[in-house]
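Coordinate inspection notes
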Amino acid sequence: MKKRYGYFSDDGKEFIITTYILPRPWINILSNGKYGLLLSHTGGGFSWLVDCNLNRVTKWYQDVFSDLDGRYLYIKDAKTGEYWSPTYKPVMKELDEYTCRHGLGYTVIQSSYRGVRATITFYVPLKDTLEVWVVELANNTEDVKELELYTYLEWWIGTIHDVDRQFHGLFYDLWVEDNIMFVTKYFWTGLDGSWNRSWDHIAFISGSLKAESFEGSREAFIGPERSIRDPICVETGICRETSGRGFEPVGVFKYRIHLRPGERTAFTILIGAAPSVDEVRNYVKKYSVLSEALRELDSVKEFWRSLLGRLLVKTPDKYVNFLTNYWYKYQTISARILSRNAYYQQAAAYGFRDQLQDTLTLLLLDYEWAKRQIIEHARHQLSDGSVMHWWHEINDRGMKSIHSDTPLWLAFMVINYVKETGDFSILDEEVPFYDKGSATMFAHIKLAIDRSLNNLGRRGLPLFLGGDWNDGFNAIGLEGKAESAWMAEFLYLVLKEFSELCRAAGRRELSELYEERALRLRKAFNKVCWDGEWYVRGFKDNGEVIGSKKNSEGKIFLNAQSWAVISGIAPLRRALKAIRSAEKLLDTEYGPALFLPAYKIPDGTLGYITRYAPGMKENGGIFMHAVTWMIVAECLLKRARKAYGVFKKTCPAYRGLNPEKTKTEPYVTSEWIAGPDSKFFGEGWNSWLTGSAAWSLRVVVDYILGIRATFNGLLVDPCIPPNWSEFEVVRHYRGAVYRIHVRNPRRVSKGVREIKVDGRRIETNILPVFSDGRTHQVEVLMG
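All figures in this text were calculated on a predicted structure; none of them were measured in a lab.

Remember that side chains alternate between the two faces of the sheet whenever the strand is regular. With 6 bridges connecting them, strand β15 (residues 172-177) and strand β16 (residues 180-185) associate as antiparallel partners. Within β16, the position partnered with Y172 by the bridge is K185. Count of turn residues in the β15/β16 antiparallel hairpin: 2 residues, of which D178 carries a positive phi of about 55°. Where β15 and strand β19 (residues 244-245) come together, 2 bridges link them in antiparallel fashion. Within β19, the residue paired with L174 across the bridge is G244.

Now for the packing of aromatic side chains. The geometry of an aromatic ring pair is captured by the separation of the ring centres together with the interplanar angle, meaning the angle of the planes. The full count for this structure, using the stated rule, is 62 aromatic pairs. Each ring, one from W175 and one from F182, has its centre 5.4 Å from the other, and the planes form 15°; the classification is stacked. On the basis of relative accessible area, W175 is assigned to the partly exposed category, the value being 23%. Above the plane of the ring of W156 lies R165, whose end atom (NZ or CZ) is 4.0 Å from the centre. Lying across the ring of Y106, K301 places its NZ or CZ 4.6 Å from the centre.

The final tally for this structure, using the stated rule, is 61 salt bridges. For D77, the salt bridge identified is with K145, shortest N-O distance 3.4 Å. Of the two residues, D77 is situated in strand β7 (residues 72-77) and K145 in strand β13 (residues 145-152); the sequence distance between them amounts to 68 residues. Of the two residues, D77 and K145, both sit in the buried class.

So, on to helix α13 (residues 558-566). A large share of α13 lies buried, amounting to 9 of its 9 residues. Close packing links the buried residues of α13 with α11 (485-504), β31 (556-557), α14 (572-586) and α15 (624-636). In the stretch just after α13, G568 is the one whose phi turns positive, near 80°.

With that settled, consider the sheet that holds β7. The strand order β8-β7-β13-β20-β18 describes an open sheet built from 5 strands, whose pairing is antiparallel. In this open sheet, the two strands that pair with only one neighbour each are β8 (83-84) and β18 (213-217). Where β13 lies against strand β20 (residues 249-259), 6 bridges are found, and the strand directions are antiparallel. Along β20, the bridge assignment pairs Y150 with K254.

A few words now on the packing of helix α6 (residues 318-337) against helix α7 (residues 352-362). Interhelical geometry of α6 versus α7 gives an angle of 145° and a closest axis separation of 9 Å. In this structure, α6 crosses over α7, and the sense of that crossing is left-handed. Along the contact surface, α6 presents K329, T332, I333, R336 and I337, while α7 presents D354, Q355, D358, T361 and L362. Counted by class, the contact of α6 with α7 contains 3 nonpolar, 3 polar and 4 charged residues.

A few words now on the pairing of strand β36 (residues 707-710). Of the two faces of β36, the one carrying I707 and A709 and the one carrying R708 and T710 are both buried. Judged from the 4 bridges that link them, β36 and strand β37 (residues 713-716) form a sheet pairing that is antiparallel. Counted as the bridge partner of T710 is G713 from β37. Where β36 hands over to β37, the hairpin turn is made up of 2 residues, counted between the paired strands.

Each value, and the rule that gives it
- Residues numbered from 1 in each chain as written.
- Predicted model: local features only at pLDDT ≥ 70, side-chain atom pairs only at ≥ 80, totals over all residues.
- Heavy atoms only, no water.
- Pairing = 2+ DSSP bridges.
- Helix = DSSP H or I, 4+ residues; strand = E, 2+ residues; numbered from the N terminus.
- Phe/Tyr/Trp six-rings, centres within 6.5 Å; stacked < 30°, edge-to-face > 60°.
- Buried < 20%, exposed > 50% of the residue type's maximum accessible area, 1.4 Å probe, protein only.
- Lys NZ or Arg CZ within 6 Å of the ring centre and 35° of its normal.
- Salt bridge = Lys/Arg side-chain N within 4 Å of Asp/Glu carboxyl O.
- Contact = heavy atoms within 4.5 Å.
- Axes fitted to C-alpha atoms, helices over the stretch in contact; angles between N-to-C directions.
- Left-handed = near helix turned anticlockwise from the far one by under 90°.
- Nonpolar A, V, L, I, M, F, W, Y, C, P; charged D, E, K, R; others polar.

This is the structure:
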């Protein structure tokens, strides 16, 4: 990693940024599931309560190039009149020293200017709805420093759509009492769209220092012909103390600090929201005590240490270790599950298939949390088997899915839950439907599967409907005739595994029924989808094929080849041929493209996928979700070098070795990388908010290291680079801890010669289930 941009700490738990000039903002997402904070390396970002689109607390306009909206601190030397920002922005005065350490649940930005060192630690408590800044100032000069400090944020209190600021400025009410600035709003459409509803919370800013004065008006703080880079209030030191109603509100407190040579001082700044004034006061009382604030920071760090520590690996590749042990898991939980928010995209809503796949991460860490997630999604299935595509937690409103694959992800996740936990009782859980009635979880997933089986086309393949996994095919099936080859592969996998689940649950007749349906689907698929060198992607409403050698654009699709292997629907010879075709025609120096060539001209019979710029996102980009599935396929075919090669080309830490090209953060994965048909080939986009983080974790643990759950126990089936001499995995599984040490003296990639559990040799590569709360030593010899 180029240290002029940043590097991982020795233990991998922090990424340390060494310059404030980066290709794009590199961020952290701090959230407890109720209150959240998006924070860039220069202090940009915003805060929200529950929903980052319907309930924003502070103002933010997305701008990945200037990154000039945030919550800031100004420091002014009262003797010289010079002022700067310890986070570099918004003043953007060159600092003498600067680092930003993004950690697990916290960020620390430290800088020095003219001998004044500032250290700000940002975090969100585990339960309380506020953010805490622990600020430390040190005078490293031989002179007395008289400093003025100014906080700054712009209150938003509304939805993402509230951009008419003069209009919305008419509804705020701001007042200051007892060193606390309170603000609320008498107009909030976030709950139900009503224009006759007040916000049901009170936002605040406060801290442990006694404020000298305050300013509530944005106009008064900034002044005419100025910006937040050079506000008149900071320049003159005069705050008018504007409060009341009828203006665009900001959160400005002025503090004065006297520091003798060598002296340090520490204090807190608090920003948040609560349902009542009394609750605000309680927060301020608690977190104004520095020792309490630091104690809660320790609790946040311990939460992440304990949660992420339930699965740890040690391999010869430090980036595999750092990402698997910490960042893949943290990214999924912090951004996708707790926040559903990131810099490039603010989703806010729960996505049915999105957060279900994210639960693949929770399953490795917290069974109960994973179960709650699955039940919450089952509750958003309708009684006819359809599901909500997304919904907002704040009001439980959303949009019904018209995609063919979305309902099936419930079955996929319940099956994986039972494999991991051995808890068949979830199948008997009574779960309400979104519209009416209720049913057992088993009935919910059977209904989802049957819905797919009842939506087959004339070729015997599942219909595309309003799109399958690729949302961009939103016009391909408007007439209800288009058929999806990928959906056939996905359905086949679910049918096979549901049949196995039924058998394990003692439902033999159902098991045989769904096994027969799977075989029928397999036959239809291989009859019509094989194109001679690879599998086609599907058929349009008018019968035209896509993903075929007959096509000049969209000739071959990655998912159709990888899932032919993952699902087991393809005969081995065809599967190998399909994967080799994908390698030959889709692989690039930055990873395999989703398909090629990209669409150049919009095609109304396919959908908005053709309207993206060529090579961008789903139109021929290197889409990380699909990349992870390609790695799975390579591992299942025992092609370890190929699998690890694709992993390294697309791994964010390895990509970060060339940050000028990749641009996005080296410590989290991006949704997509610009493909070869783009002039921006190799650039990363939409980091953090991507399901590929959960799948990247599973790629490493389940398929490269090869430790994955089955109905009967943990399977040990490594597919590693041959130069790895050994690796270790600590894995919690069904109430026991497995310490697995794999040795590879013959430098092979596949094959297990011997396994010993607690010193005793076993005759299978499936580890026994203990459920005894103890730690068990597993020695594996490859070769």
